[in-house]
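Topology and contacts: notes
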Amino acid sequence: GHPASTIHSMVGITPHSACEGHQELPYDLLIVDEMSMVDTEIFYHLLRSVKTGCQVILCGDPDQLESVGCGAVFRDLLECGKYFTVKLWQIMRQEEESGIVENCRRIKQGRTDLVVDQTCRIYRCGTEEEAVQLLLPMYDKNTDWSKQQILSTTKTGMLGIVSLNRRFEMAEDGQECYRYRGFDYKRGDKVVFVVNNYKAGYCNGCLLYTSDAADD
């Protein structure tokens, strides 16, 4: 029930602003999530905006995604020994005996002898077409879409998200679609913002519903 936004939106960092003249944030408590992705420059701007006496809680996983910019801020803060820290050990997303959990431990140790079971399978394909044909029968259109997802590391190519979306999200016969810029959108489709639209209020990490945005 509390407001949330990206650090960029809160502090006022935009592609067209150098974030000059920091405004003091009025909060007495500030919780920053996904701290592993925060770089030195962004953390600098955030701390300059925090008022004296505000309690700041940093949450994250130092073994997850690193920041795109310079600095390993979260890992350095954890390792310096100057701040009170709490480490959570219980994994909630998978069962403790899951192969995913064990493989995470092995990868952190630099091991390559990964476990293959019902929760984690590894396939090696010689071509991109072979990989697509392997994925096709795994994607069940009759299954709840919130329980299955295909992730790709690239946007281009046969295994990129653009090509995969067109292969896997073809409409059923008689299903109503809305075509926009070469894509068919159907009721229930997932939509991911890849470009911010501050004027309309659609931004990464902060979705604002306004009458103007609804009209557009």
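Going along each chain's sequence as written, the residues are numbered from 1 onward. In view of the model being predicted, local features appear only for residues whose pLDDT reaches at least 70, and side-chain atom pairs are presented and counted only at 80 or more, with totals across whole chains, interfaces and linings using the full set of residues. Side-chain measures here rest on the full set of heavy atoms in the structure, leaving out hydrogens and waters.

**Concerning the overall build of the chain**
For helices the rule is a DSSP run of H or I covering at least 4 residues; for strands it is a run of E covering at least 2, with both sets numbered from the N terminus onward. The helix and strand tally for the chain stands at 7 helices and 6 strands. Its helices and strands taken in sequence order, the chain reads α-β-α-β-α-α-α-α-β-β-β-β-α from the N to the C terminus. Put simply, the chain shows about 17,300 Å² of open surface, and 53% of that area lies on carbon and sulfur atoms. Only the protein chains shown count as cover for residues, with accessible areas throughout obtained via the Shrake-Rupley method and a probe of 1.4 Å.

**Some points on the packing of helix α5 (residues 128–135) against helix α6 (residues 161–168)**
To get an axis, a line is fitted to the C-alpha atoms, and for a helix only the part in contact is used. The angle between two axes follows their N-to-C directions and goes from 0 to 180 degrees. Across the interface, α5 lies against α6 with an axial gap of 12 Å and an inter-helix angle of 40°. As the angle between them shows, α5 and α6 are arranged oblique. Seen along the crossing, α5 lies across α6 with a hand that is right-handed. Along its contact with α5, which presents Glu129, Val132, Gln133 and Leu135, the element α6 presents Leu164, Arg167 and Phe168. Polarity classes work like this: nonpolar for Ala, Val, Leu, Ile, Met, Phe, Trp, Tyr, Cys and Pro, charged for Asp, Glu, Lys and Arg, and polar for all others, with Gly in that last group. Classifying every residue of the contact of α5 with α6 by side-chain character gives 4 nonpolar, 1 polar and 2 charged. Orientation labels follow simple angle bins: below 35 degrees gives roughly parallel, above 145 gives roughly antiparallel, 65 to 115 gives roughly perpendicular, and whatever is left gives oblique. In this scheme the crossing of two helices becomes right-handed for a clockwise turn of the near helix relative to the far one and left-handed for an anticlockwise turn of less than a right angle. Here a residue-residue contact requires only that any non-hydrogen atoms of the pair lie within 4.5 Å.

**Observations regarding the confidence of the model for the chain**
Per residue, pLDDT measures the predictor's confidence, with a range of 0 to 100. When the pLDDT values of the chain are averaged, the result is 82; 85% of them are 70 or greater. Looking over the chain, one finds the lowest element-wise mean pLDDT in helix α7 (residues 211–215), namely 41, and the highest in strand β2 (residues 55–58), namely 96. In this model residues 207–216 is a low-confidence stretch, pLDDT under 50, and it forms 9 contacts with partners more than four residues away in sequence or in other chains.

**Thoughts on the packing of aromatic side chains**
In summary, the pairing rule links any two rings of Phe, Tyr or Trp, Trp by its six-membered ring, whose centres are within 6.5 Å, and it sorts them by plane angle into stacked for under 30 degrees, edge-to-face for over 60 and tilted for everything else. Following the criterion strictly, the structure yields 1 aromatic pair and no others. Aromatic side chains tyrosine 178 and tyrosine 180 sit 6.5 Å apart centroid to centroid with 15° between the ring planes, which places their arrangement in the stacked category. When its relative accessible area of 54% is taken as the criterion, tyrosine 178 is described as exposed. When accessible area is computed with a 1.4 Å probe and restricted to protein chains, residues below 20% of their type maximum are described as buried, those above 50% as exposed, and intermediate ones as partly exposed.

**Focus on the pairing of strand β1 (residues 29–32)**
Where a strand is regular, its side chains alternate between the two sheet faces. Of the two faces of β1, the one holding Leu30 and Val32 is buried and the one holding Leu29 and Ile31 is not buried anywhere. When DSSP finds two or more bridges between a pair of strands, those strands are recorded as paired. Pairing analysis gives 4 bridges linking β1 to β2, with the strands arranged parallel. If you follow leucine 30 over to β2, its bridge partner there is valine 56. By the criterion used throughout, a crossover qualifies as right-handed when its path from the first strand across the helix to the second strand runs clockwise, the strands pointing away from the viewer. You can see the chain leave β1, run along helix α2 (residues 40–49) and come back into β2, and the turn it takes is right-handed.

**What about the nonpolar core?**
Residues belong to a common nonpolar core when they are buried Ala, Val, Leu, Ile, Met, Phe, Trp, Tyr or Cys residues joined through side-chain atoms within 4.5 Å. Core analysis: the largest hydrophobic core is formed by 15 residues, its most contacted members being Ile7, Leu30, Val32, Met35, Val38, Phe43 and Leu46. Considering every element that reaches this core, the biggest residue donor is α2, with 3 residues.

**Here's the deal with the side chain of asparagine 103**
Mapped onto the secondary structure, asparagine 103 falls in helix α4 (residues 99–108). Apart from the residues lying within four places of it in its own chain, the contact partners of asparagine 103 are Leu114, Val115 and Cys120.

**So, a nonpolar patch on the surface**
Each patch is built from residues that are more than 30% exposed by relative accessible area and take part in no salt bridge. Like charges join if they lie within 9 Å; nonpolar side chains (Val, Leu, Ile, Met, Phe, Trp, Tyr) join within 5 Å. Within this document, salt bridges are pairs made up of a side-chain nitrogen of Lys or Arg and a carboxyl oxygen of Asp or Glu, the two lying within 4 Å of each other. Together, Ile107, Leu114, Val116 and Ile122 give the surface a local cluster of nonpolar side chains, amounting to about 340 Å² of exposed area. With respect to the helices, strands and loops of the structure, leucine 114 is situated in the loop between α4 and α5.

**With respect to unusual backbone geometry**
We note that glutamate 34 has phi near 55°; this positive angle belongs to a residue other than glycine. Looking at where glutamate 34 falls in the secondary structure, it is placed in the loop between β1 and α2.

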